[in-house]
Amino acid sequence: MHATTILMVRKNGRVVIGGDGQVSLGQTIVKGNARKVRRLAKGNVIGGFAGSTADAFTLFERLEGKLEQYPGQLTRACVELTKDWRTDRYLRRLEAMMLVADKEVGLLLSGAGDVLEPEGGIMAIGSGGNYALAAARALADSGLDAETMVRRSLVIAAEICVYTNSNIVIESLDA
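Residues numbered from 1 in each chain as written. Predicted model: local features only at pLDDT ≥ 70, side-chain atom pairs only at ≥ 80, totals over all residues. Heavy atoms only, no water.

S.K.: If you had to explain the packing of helix H3 (residues 129-139) against helix H4 (residues 146-160) to someone new, which residues and values would you point to?
M.R.: Put simply, H3 and H4 touch, their axes get as near as 8 Å, and they point 140° apart. Here H4 runs oblique to H3, going by the angle between their axes. Considering how the two elements wind past one another, H3 and H4 form a crossing that is right-handed. Mapping the contact onto sequence places Tyr131, Ala132, Ala135, Ala136 and Leu139 in H3 and Met149, Arg152, Ser153, Leu154, Ile156, Ala157 and Ile160 in H4. For the contact of H3 with H4, the per-class residue count stands at 10 nonpolar, one polar and one charged. (Axes fitted to C-alpha atoms, helices over the stretch in contact; angles between N-to-C directions. Helix = DSSP H or I, 4+ residues; strand = E, 2+ residues; numbered from the N terminus. Parallel < 35°, antiparallel > 145°, perpendicular 65-115°, else oblique. Left-handed = near helix turned anticlockwise from the far one by under 90°. Contact = heavy atoms within 4.5 Å. Nonpolar A, V, L, I, M, F, W, Y, C, P; charged D, E, K, R; others polar.)

Okay, structure coming up:
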C-alpha cells in the first residue's frame, strides 16, 4: 500500500496508533492533513488504515457493525470481518490494510485474510511502515513511552518515505 504510514505500539499498559496525514494520487500529493487514525466502538477501539480511503471507510463501517454484533470481542469481530472480506464479491475488491486495537489486543487486518497480532507489541503498515517499524523497534528499549515512540518513529519514516509526511495524528487507550 502506498501513500501512508500507520504504526501501533503497545507498551506499559498503553496502546497507541499513529499515522501521517499525506494522501497521494500517483506521484502527486493531494492532501497533507488526512485523518487515517480514528476511534471506533464508542471510543473503546482505535484503528488506522493504509490504502484507498473509500475502501478503508467501508471496512471501518463493517468493523463497527461486527463490534456491535460481538461487543468487547475485538479479535472475534476482526476474524468475522476478514472472513466477509475474503468471501464477499464486493468486499473482496477493497484495497486497504488496517491496524486496530483495544485495551487487550492489537491486530493487523488484510484482504488476504490476515488477522495478525504484533510480535513485541509493535506493528506497522503502509509505504513507510517498514521504516516506522524499524525505528520503533530500535526505540523499544529506550525507556520512552508508547506515544513518544510512535511520534519519533513516524517522524523518522517521514524523513525517508516520500509517501509519508510529518502531520501526525495519534490515538491511544490505557489499560
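Picking up after the structure, the text goes on.
S.K.: Please give an account of a nonpolar patch on the surface that cites residues and values.
M.R.: Residues Tyr131, Ile156 and Ile160 make up a contiguous nonpolar surface patch of roughly 250 Å² in combined accessible area. Judged by relative accessible area, which is 47%, Ile160 ranks as partly exposed. (Patch = residues over 30% accessible without salt bridge, like charges linked within 9 Å, V, L, I, M, F, W, Y side chains within 5 Å. Areas by Shrake-Rupley, 256 points an atom, 1.4 Å probe, with all protein chains shown as cover. Salt bridge = Lys/Arg side-chain N within 4 Å of Asp/Glu carboxyl O. Buried < 20%, exposed > 50% of the residue type's maximum accessible area, 1.4 Å probe, protein only.)

S.K.: So what's going on with the sheet that holds strand E1 (residues 5-11)? Residues and values would help.
M.R.: An order of E10-E1-E2-E11 is seen for the four strands of this open sheet, with the pairing classed as antiparallel. Strands at the two margins of the open sheet, each flanked by one partner only, are strand E10 (122-126) and strand E11 (169-174). Pairs of neighbouring strands in the sheet enclose a mean axial angle of 10°, with direction left out of account. The strands that H3 touches are E1 and E10; relative to E10, the one it contacts most, it runs at about 160°. Across the face of the sheet, H4 comes into contact with E1, strand E2 (14-19), E10 and E11 while running at roughly 155° to E1. (Pairing = 2+ DSSP bridges.)

S.K.: Describe a positive patch on the surface, with residues and values.
M.R.: Together, Arg86, Arg89, Arg92 and Arg93 line one region of the surface with positive charge. Residue position: Arg89 is located in the loop between helix H2 (74-87) and strand E7 (96-101). Taking relative accessible area as the criterion, Arg89 reaches 62% and is therefore assigned exposed. (Lys, Arg positive; Asp, Glu negative; His and termini not counted. Charge placed at Lys NZ, Arg CZ, Asp CG, Glu CD.)

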